[in-house]
Amino acid sequence: MDLVLAKAMPEDKANAERAVGNVFAAAHGRLPGAGRIADIRARAFEAYERVGLPHRRVEEWKYTDLRVLMRDVLPLAQQPDAPALRRAQAAVEQSAFEPAIKLVLVDGMFASDLSDVARLGKGVDVGTLREVLETSTSDAMAGLVLSTTADAMISLNTAMATDGVVMTIAEGRVLRRPLHVIHVATASSASHFTRSYLHLGDGAHATVVESFVSAETACGYQANNVTIALVGDQASLSHLRVKADAADAVNISSEIIAVGAKAKLNLFNMIHSGAVSRYQGFVTLAGKGAELAVNGVNLLRETQHADTTLVVDHAAPNCVSRQNFRAVVDGAGRSVFQGRIIARPEAQKTDGKLTMRALLLSDQAEADNKPELEIFADDVNCGHGATSGGLDESLLFYFGSRGLSENDAQALLIQAFLGEAIEGVANENLRDFATAQTERWLKARR
Amino acid sequence: MPLLEVRNLHVCVEGREILHGLDLTVNAGEVHAIMGPNGSGKSTLSHVITGKPGYQITAGRILFKGEDLLALGPDQRAAKGIFLAFQYPVEIPGVTTMNFLRTALNAQRRARGQSGYSTPHFLKRARTVAKQLNIPQSMLKRGVNVGFSGGEKKRNEILQMALFEPVLCILDEIDSGLDIDALRIVAEGINAMRSPSRSMIVITHYQRLLNYVVPDVVHVMSKGRVVKSGDKQLALELEASGYAQFEDAA
Amino acid sequence: MVAARETVERVARIGVDQYRYGFETLIESDKAPKGLSEDTVRFISAKKSEPSWMLEWRLQAYRCWLTMTEPTWARVHYPNIDYQGIYYYAAPKPKKQLASIDEIDPEILKTYEKLGIPLREVAILEGVEPPPGGPPSANRKIAIDAVFDSVSVATTFKAELKKAGVIFMPISEAIREHPELVQKYLGTVVPISDNFFARLNSAVFSDGSFVYVPPGVRCPMELSTYFRINERNTGQFERTLIIADKGSHVSYLEGCTAPRRDENQLHAAVVELVALDDAEIKYSTVQNWYPGNSEGKGGIYNFVTKRGDCRGKHSKISWTQVETGSAITWKYPSCILRGDNSSGEFYSIAISNGFQQVDSGTKMFHLGKNTSSRIISKGIAAGKSRNTYRGLVSANRNAAGARNHTTCDSLLIGDKCGAHTVPYVEAKNSSVTFEHEATTSKISEDVLFYCIQRGMSQEEAVSLVVNGFIKEVLQKLPMEFAVEAQKLISISLEGSAG
């Protein structure tokens, strides 16, 4: 689709690979799991090596060229020591909220002392990836947790994951407290890889929040994390993700979710920090009558790059999906939304809608929207809409005439613009939490 | 021979029986009203007579002028002169009402072995009929029912009925959503079409319409059967006492 | 193309196997040796008695082509094309130098008559009923350039056009007669270093149409090129170049057919449009290449690069296309909105049935200030076909005030087909207004029953609803085309209902 001629690859692939190869070799002793697990890792790494870091000629990564944005993969972070954990604790305290149960990962390792495992109620089981991979008894479980896709960054995660949280919620269990997984980075110029797993039993209800934060002085790190989630029949999951990484950090998050019959999944994703951030979700509506609501917000400034990519695969009949994305881009920020709705041949009566809207606040800002429909079933009702533009001048003038400063007027319009996406967050506390993040961003804008 | 004869009609939708042995006889020139509560099977009957897909006829028969109607496709039934005024007329974007009317009319005529109307002839007729029903010319140029008000949609149904000159008219809740003025226009359109060679089945919830379109026979339907038939007095009785008395009779 | 006046009834009750232009004309032809090499390029250039700069240009393109591989990003699948198994040049063998149209091989004339293309200079009357509010239809003229395999066989109304100062001739002639114009504009919109198929075309194109409309001239008639592939194993690589000088206006129509053959044939055309200040070009296509039979055998591979450059301020380029043919369609008629206040339009109907694969759409590049673009795409997938809309709308940093509105609707008929929508919307400044909306659905059962209850057959009902669905685009076509297109659409969809 390029008007101009193909330029040479922006990065020397061989060099990039050699660097990663060293990283994997160097990390070898620190990766939990032997035997079959080690095989899976080796195969995943081979799969990664074949293609290397995704670049703009890989259609799914067209707008987020990691060969330019990441250049290479940094060495694995050291296991956090006591001072690191103390610094992490300060960051955890800032982002924790009541009455959530904290589950903390520091530099890719589960930190039980910073977590509230003791407060878990009946029917909720939380373990670590490390335990699962190191106890040979749960071989099947290990395979499931380490399941992978064709995506290079997920393959790399499969190879490199050092730890993660493994959450199982029993059938019919209704969780009153949200589970709050906090990813903290304390090491600078290092990478960490986590792999988490969530199984929500049939009819169970839960809210899971994932936050990404950094301890003071942590900078230039790369976070790569994957969550695999199974939502049982008639279960209900609210899943929020807030990325508040260090200003120069790279964060690549992936999520693979299967949703059962008549189950409800409510996703919210917010990116307002970090240099380069990608959230990619692969949601399969696997059971008849499953319902999905996704809301996403990208709040960007300076040279931030944020990419939200979501593939919603309607694999069963009578499923409903609603996706609603909002981007506010200031400075020389770049927002990317890619949303795809797939309706497979058997997914008759699919009802899928996708809206993505970008608000550009500066002439250096960029918004790339790619909404896609891939429809194989005929009895469907699918659609998408995308808009990009600046603030409405006439509204700004109207507010001005009522005595509002330009800044206040802009803030009001931006809040209204984001409101619709934030309103979609099911849990009230979390909605307030998201609104507070927005306000903080707006304040910092002045 | 009666114009329409429905005998012991049993109809299922997705395995559930909706009509349980319905009988109905309509002679030429008669106007029959069918009344009944929601879910009594009134609309199902209109769909089965006109051949809408999705209904399984498990027993019984429908004869039209002595001919087996169930053996015919819905378009063939239309060509025989069976017309349904829909309770919820659909919108067809991009297809002008005029083009729709002409395509349909010529399809019917062709099926009857008649020649199609010439364009000027057709336009003249359509405009004349539209005028009688107070339908503005601009409406004919718009997409079928697109952006029409509830009243306009119903008037459009009557326009089609007047233009196609059917032998059997089935009016499915033609009065729903109409204010009193619109109701009068629609009723006048219906009455103008009454003739000894044309029969009508008027499906309605309320007696109100029957003040304007006076029926020869009134049937009460409940739970998939005709439970009582009588003259127009029956409609007034129903208005006064409601349907509850018939729920048990079914 | 005012194609055949046959009515739907005359060709009614035919399935996708009954491609009505599928006959073959038996005439002698003059071919280049099979395969592609520098020698082939030289052969073609020599056949055309081209000046040396043209040969050099072709050779450069050929060398560029050698460095590239076929693109794979489109949603189309086909076996590898053997570029050495194709004839790159086939011309009807001239008996002698032609002095007038009467000397054209009567077999070719007959072919065009069968297709409904009158090559003789007669005014063309519609003979069809104008839509309400449509333009008056009497006495409209269309000048036609007919391209048979690789060679332009006739161009009509030359004299009358010349009076107006309009140049309309085969590009092979233009290279010889107007080298300054060709050199100035050829390859400036689609350079020889463009995509794989454009490079190939630049190396081996044999003919096509050339149009130049001088400043301030409103072209007195519609211009039209009619393309026909006849020879076996022949690729067709035509090149069209249209230049609308300042303040001029031209409307151009293009039609295409090919015989039914079991093997696949390659068509890789390039169209370049240049609109200078205040000029307007309207380019309409009805593409009806042979789509292959009901088992998916045969059919044209249509890899086409069409691009318009709104080079001048307040210029306008409008693409309208009706795509019903070809086994594979890969085309994205685009607009480069370079001039301030320029505008681009893309109106498309793409219908696929049988085993057809369509990956088509447009690209709107907003570069100048206050540029605007409008996209309406209507895709209909039936049978076992795949129909993808792929479109790009982008605005550069400096494209202040860029506006786009895109509507993209797909209709599925039957449960074995696929309809996909892949838009790319790229905004790089805060004063853009981009709006994109898309839907995918099927024809509602209730709507079908409503029509059938009024006496229409299932097929009539589907055809009526489909025509309503595409009406917005159909209205953008010149009327003769609209009527023809409507018939084509009914024929393409036959056998798909129910």
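Residues numbered from 1 in each chain as written. Chains lettered and ligands numbered in written order. Predicted model: local features only at pLDDT ≥ 70, side-chain atom pairs only at ≥ 80, totals over all residues.

Where an unreviewed UniProt entry is consulted, chain C appears under the name Iron-regulated ABC transporter membrane component SufB, with the organism given as Bradyrhizobium macuxiense.

Identification of chain B as Fe-S cluster assembly ATP-binding protein from Bradyrhizobium macuxiense is taken from an unreviewed UniProt entry. One UniProt comment on chain B, placed under Function (unreviewed entry), says "Involved in beta-(1-->2)glucan export. Transmembrane domains (TMD) form a pore in the inner membrane and the ATP-binding domain (NBD) is responsible for energy generation." (UniProt positions renumbered as here; feature names shortened; annotations may be inferred.)

This paragraph deals with the overall build of chain B. A count of helical and extended segments in chain B gives ten helices and twelve strands. In terms of overall size, chain B behaves like a compact globule, its C-alpha atoms giving a radius of gyration of 18 Å where 250 residues would be expected to give roughly 18 Å. Projecting the C-alpha coordinates of chain B onto the three principal axes gives extents of approximately 55 × 40 × 35 Å. A separation threshold of at least 6 residues defines the contact pool for chain B, and within that pool the share at least 24 residues apart is 71%. (Helix = DSSP H or I, 4+ residues; strand = E, 2+ residues; numbered from the N terminus. Rg over C-alpha atoms; globule rule 2.2 N^0.38 Å. Contact = placed C-beta atoms within 7 Å.)

The interface of chain B with chain C comprises 23 residues on the first partner and 21 residues on the second. At the level of elements, α2 (74–79), β7 (92–96) and α3 (97–111) of chain B are the ones that each hand at least two residues to the side of chain B that touches chain C. The dominant element in the side of chain B that touches chain C, judged by the number of residues it contributes, is α3 of chain B, at five residues. Per-class residue counts for the side of chain B that touches chain C are 13 nonpolar, seven polar and three charged. (Nonpolar A, V, L, I, M, F, W, Y, C, P; charged D, E, K, R; others polar.)

So, on to the sheet that holds strand β1 (residues 4–13) of chain B. Residues and elements named next belong to chain B. Strand order in this open sheet of four strands is β2-β1-β4-β5, and the pairing throughout is antiparallel. The open sheet has two free edges, formed respectively by β2 (16–26) and β5 (67–68), since each of these has just one partner strand. With respect to the sheet, helix α1 (residues 42–50) is in contact with β1, β2 and β4 (56–64), its orientation differing from that of β2 by roughly 70°. (Pairing = 2+ DSSP bridges. Axes fitted to C-alpha atoms, helices over the stretch in contact; angles between N-to-C directions.)

To continue, consider the sheet that holds strand β11 (residues 217–222) of chain B. The pairing of strands in a sheet happens through backbone hydrogen bonds and is either parallel or antiparallel. All names here are of chain B. Here six strands make up an open sheet; going across it, the order is β6-β9-β10-β3-β11-β12 and the pairing mixed. Where the open sheet ends on each side, the last strands, each with one partner, are β6 (82–85) and β12 (225–230). Strand-to-strand twist in this sheet, taken as the mean axis angle between neighbours without regard to direction, amounts to 20°. The sheet contact formed by β6 and strand β9 (residues 168–172) spans four bridges and is parallel. Its bridge partner being in β9, L84 is matched across the sheet by I170.

Moving on to the interface of chain A and chain C. The partner chain C presents 34 residues to the 36 residues of chain A that form the contact. Elements with a contribution of two residues or more to the side of chain A that touches chain C: β17 (351–360), β18 (366–375) and β19 (381–389) of chain A. Counting residues per element, the side of chain A that touches chain C draws most heavily on β18 of chain A, at ten residues. Of the residues in the side of chain A that touches chain C, the class split is 17 nonpolar, ten polar and nine charged. With nine bridges joining them, β19 of chain A and strand β23 (residues 433–442) of chain C adopt antiparallel strand pairing. Bridge pairing in β23 of chain C places A386 of chain A opposite H436 of chain C.

Let us now look at the environment of T204 of chain B. Here T204 of chain B is to be found in strand β10 (residues 199–204). In this structure T204 of chain B touches A33, M35, E173, D175 and L209 of chain B, once residues within four positions along its chain are discounted.

We now examine the pairing of strand β22 (residues 418–427) of chain C. Note on strand geometry: in a regular strand, side chains alternate between the two faces of the sheet. Judged by how many residues are buried, β22 of chain C sits mostly within the fold: ten of ten residues are covered. Side chains G418, H420, V422, Y424 and E426 of chain C of β22 of chain C all project onto a buried face; the interleaved residues A419, T421, P423, V425 and A427 of chain C project onto the opposite face, where all are buried too. In terms of strand pairing, β18 of chain A meets β22 of chain C through six bridges, oriented antiparallel. Paired with A367 of chain A across the strands is A427 of chain C, a residue of β22 of chain C. (Buried ≥ 20, exposed ≤ 12 C-beta atoms within 10 Å, placed from the backbone.)

Take the confidence of the model for chain C next. Residue and element names in this part refer to chain C. Overall, the prediction assigns chain C a mean pLDDT of 81, with 76% of residues at 70 or greater. Taken element by element, the predicted model of chain C shows its lowest mean pLDDT in helix α3 (residues 106–115) (60) and its highest in strand β16 (residues 334–337) (97). Every residue in residues 1–18 is under pLDDT 50, and counting partners more than four places away or in other chains gives 37 contacts. Confidence over residues 119–139 falls short of pLDDT 50; this stretch has 30 contacts with residues more than four positions distant or in other chains. As a predicted assembly, this complex carries a pTM of 0.85 together with an ipTM value of 0.90. (pLDDT = per-residue confidence, 0-100.)

In this section: unusual backbone geometry. Note on backbone geometry: most residues besides glycine have negative phi, and most peptide bonds are trans. All names here are of chain A. Cis geometry is found at the peptide bond from E98 to P99, where omega equals 0°. Mapped onto the fold, P99 is located in the loop between α4 (82–95) and β1 (101–106). The phi angle at S189 is positive, at roughly 45°, despite the residue not being glycine. Although it is not a glycine, T217 sits at a positive phi angle of roughly 70°. Mapped onto the fold, T217 is located in the loop between β7 (205–214) and β8 (222–231). Using a count of 10 C-beta atoms within 10 Å as the deciding quantity, one classes T217 as exposed.

Another aspect to go through is the pairing of strand β14 (residues 305–314) of chain A. Residues and elements named next belong to chain A. Counting buried positions over the ten residues of β14 gives nine, a clear majority of the element. Two strands pair when backbone bridges link them, and strand β12 (residues 276–285) and β14 are joined in this way by ten bridges, in the parallel orientation. Opposite Y279, over in β14, you have T308 as the bridge partner. Of the strand pairs in this sheet, β14 and strand β16 (residues 334–343) are connected by ten bridges, and their pairing is parallel. Directly across from D313, in β16, lies its bridge partner I342.

Residues and elements named next belong to chain B. The interhelical angle for the contact between helix α4 (residues 119–132) and helix α6 (residues 150–164), taken along N-to-C directions, is 130°, at an axis separation of 10 Å. Taken as axis vectors, α4 and α6 run oblique relative to one another. Read as a crossing pair, α4 and α6 show a hand that is right-handed. Of the residues in α6, those in contact with R125, A126, V129 and A130 of α4 are L159, A162 and L163. Looking at the contact of α4 with α6 residue by residue, the classes come out as six nonpolar, no polar and one charged. (Parallel < 35°, antiparallel > 145°, perpendicular 65-115°, else oblique. Left-handed = near helix turned anticlockwise from the far one by under 90°.)

All names here are of chain B. Considered for burial, the residues of helix α9 (residues 232–241) that qualify are L234, A235 and L238. With its buried residues spanning 100° around the axis, α9 presents them on a single face. Across from the buried face of α9, at angles greater than 90 degrees, the exposed residues are Q233, A240 and S241. Lining the buried residues of α9 we find β3 (31–35), α8 (208–212), β11 and β12. Backbone geometry just after α9 places G242 at a positive phi near 80°. (Arc of directions from axis to C-beta.)

Attention shifts here to the packing of helix α2 (residues 36–51) of chain A against helix α7 (residues 152–160) of chain A. Axis angle and axis distance: for two packed helices, these are the angle between their axes and the distance between the axes, and together they describe the pair. All names here are of chain A. Taken N-terminus to C-terminus, the directions of α2 and α7 make an angle of 145°; their axes are 7 Å apart at the nearest point. Seen from above, α2 lies across α7 with left-handed handedness. Of α7, the residues touching α2 (which contributes I40, R41, A44, F45, A47, Y48 and V51) are A152, S155, L156, T158 and A159. Among the residues forming the contact of α2 with α7, the class breakdown is nine nonpolar, two polar and one charged.

All names here are of chain A. For helix α9 (residues 406–423), which comprises 18 residues, the first-to-last C-alpha distance of 25 Å matches the rise-based estimate of 26 Å (1.5 Å per residue) to within 8%. At F417, α9 is bent by approximately 30°, the largest bend along its length. Every buried residue of α9 is listed here: A409, Q410, A411, I414, L418, A421 and I422. (Expected span 1.5 Å × (residues − 1). Bend = angle between axes of the 7 residues up to and from the residue.)

On to the nonpolar core, then. Nonpolar side chains in soluble globular proteins tend to be buried together. Residue and element names in this part refer to chain A. One finds V184, V231 and V259 to be the most contacted residues of the largest nonpolar core, which totals 346 residues. Here this core spans two domains, since at least three of its residues come from each of domain 1 (11–287) and domain 2 (391–445). If sequence neighbours within four positions are ignored, V231 has contacts with L200, L237, I257, A258, V259, G260, A263 and L265. (Core = buried A, V, L, I, M, F, W, Y, C linked by C-beta atoms within 7 Å. Domains from an automatic or database assignment.)

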